[in-house]
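Breakdown of the fold
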Amino acid sequence: MMRILTLLIVSMFLVSCGTTVPQMAADGKPLPRLYRISKSDTSRIQFRMLDSINALRQAAGVGQVTLNAQLNAAAATHSRDMAVQNRPWHFGSDGSSPIERVQRAGYTLTMLGENISETFETELETLAAWMETPDTRSVIMDRRARDLGFAWHQESGGKIWWTLIMGGGGASPRQPAPTPSAQPQG
């Protein structure tokens, strides 16, 4: 009884001081705040993800990656498409595979892997979840990766569909490698 009275007094004091008391869930933990992303946040979020991935890769002795516009476009297209389909999976509503999507976006190197997520979590919480699972972690830590595509689609209710694509490691298997020019240099 004394504990409840103390909590009530502390809560009243905090409210009177203008401090916001977080709403609590049934398990006693604070309810998560809705993570809203605006159009102006795009670069900040993409570079935060890039910096975080490169820090993880560096700690593991793996080379850094750079953002790639074609992979970003393929990731954005797939994030929107997953929302339309209302399911997180690697195939497009037109039956396209991740490889086909990156080729359509003009990416000429090999698509090495794709991570997807349907969540209300931030990009860094999503990255942490991907790093906890061996399959999605291996995509992020692939030693052959040179390029990163990262995008999302947020529904009006707040649900976020995240897509991360890693690429590099030579020419795409469906496209021949570029051949050197036979013309003399000079």
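Parameters and conventions
Residues numbered from 1 in each chain as written. Predicted model: local features only at pLDDT ≥ 70, side-chain atom pairs only at ≥ 80, totals over all residues. Heavy atoms only, no water. Salt bridge = Lys/Arg side-chain N within 4 Å of Asp/Glu carboxyl O. Helix = DSSP H or I, 4+ residues; strand = E, 2+ residues; numbered from the N terminus. Buried < 20%, exposed > 50% of the residue type's maximum accessible area, 1.4 Å probe, protein only. Lys, Arg positive; Asp, Glu negative; His and termini not counted. Contact = heavy atoms within 4.5 Å.

For side chains of opposite charge, pairing can occur when their charged atoms come near one another. This structure, assessed with the given rule, holds 6 salt bridges. Linking E123 and R48 is a salt bridge whose minimum nitrogen-to-oxygen distance equals 2.8 Å. Highlighted residues: E123 in helix 5 (residues 123-132) and R48 in helix 2 (residues 42-59), separated in sequence by 75 residues. The residue E118 makes a salt bridge to K159 at a minimum N-O spacing of 2.8 Å. A residue pair is termed long-range when its members are at least 10 positions apart, and E118 in strand 2 (residues 109-119) and K159 in the loop between strand 3 (145-154) and strand 4 (160-171) qualify at 41 residues. Note on K159: relative accessible area 15%, which makes it buried.

With respect to the element layout, R57 can be found in helix 2. Buried charged residue R57 carries no salt bridge. Nearest counter-charge: D142, at 6.4 Å. Beyond its immediate chain neighbours, meaning those up to four positions away, R57 contacts V62, G63, Q64, V65, I140, M141, D142, R143, A145 and M166.

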